[in-house]
Amino acid sequence: MENLAELELCRRLYKLHFQLLLLFQAYCKLISRVDTMKREAEVTNMSEELTILESCLIEAETGNDNQEDVCMSDNAQTNTETAIQSLIETLRARDFSSALTQVKIFRSLWPNDIFGNEKDNAVQTLLHIYFRHQTLGQTGCLAVVGPSRDLSQASTRLMELNLQIREALSQAQACQLHATTFSTGL
């Protein structure tokens, strides 16, 4: 009986060994793909575009007497997706006062949704919506807006993180090379 238990334990350890080997190979493949993407990485900086949009919106907000009639279709008020599309079209048409008014209308229709609530800054809400729409389905996009655009601390931290990631990738690749050598017996 004890021999059967030992045999079953050996079988399970043997299965576990190969499952771990497969897991490690999959991990190495993932690291390899991350390394490939790292080499081909492209970062799109939308800071300037959003800063210009922010200044236009702030200018429109200060010049706006909040009494403007906005001409928008009832279709724009059916759901949040059409409302967002209406806002994007209004921003592209450079009708910033209307966009600000639309955000306020949409907040009353959908409180605490993507349009925020009454306490939120309408300019910041529009910037978030615009950035989200422009970067939908993309990776590697960033934007820094606001009064303090000192990127030195953020840049330093990002460089530290980049070095840590590179070191981890190097270690993983070294382990992959060691595992490949071990499994092939070379």
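Residues numbered from 1 in each chain as written. Predicted model: local features only at pLDDT ≥ 70, side-chain atom pairs only at ≥ 80, totals over all residues. Heavy atoms only, no water.

An unreviewed UniProt entry annotates the protein chain as Protein furry C-terminal domain-containing protein originating from Ilyodon furcidens.

**Things to note about the packing of aromatic side chains**
Rule in force here: For this analysis, a ring pair means two rings from Phe, Tyr or Trp (six-membered ring only for Trp) whose centres lie within 6.5 Å, classed as stacked if their planes differ by under 30 degrees, edge-to-face if by over 60, and tilted for the remaining angles. Here a strand is any run of E in DSSP of at least two residues, a helix any run of H or I of at least four, and the numbering for each starts at the N terminus. Here the term buried applies to any residue with accessible area under 20% of the maximum for its type, exposed to any over 50%, and partly exposed to those in between, with areas from a 1.4 Å probe on protein chains only.
All told, the structure shown has four aromatic pairs when counted by the stated rule. Seen from their ring centres, Y14 and F18 are 4.8 Å apart, and the 70 degrees between their planes marks the pair as edge-to-face. Residue Y14 and its partner F18 are located together in helix α1 (residues 2-39), separated by four residues, close to a single helical turn. The exposure class assigned to F18 is partly exposed, which follows from its relative accessible area of 35%.

**What about the nonpolar core?**
The following threshold applies: Throughout, nonpolar core names a set of buried Ala, Val, Leu, Ile, Met, Phe, Trp, Tyr and Cys residues whose side chains join them through atoms within 4.5 Å.
By size, the foremost hydrophobic cluster in this structure holds 23 residues, and its most contacted members are L53, L57, L87, L91, F115 and L126. At the level of secondary structure, the elements contributing two or more residues to this core comprise α2 (47-63), α3 (80-92), α4 (96-109) and α5 (122-134). Ranked by residues supplied to this core, first place goes to α5 with six residues.

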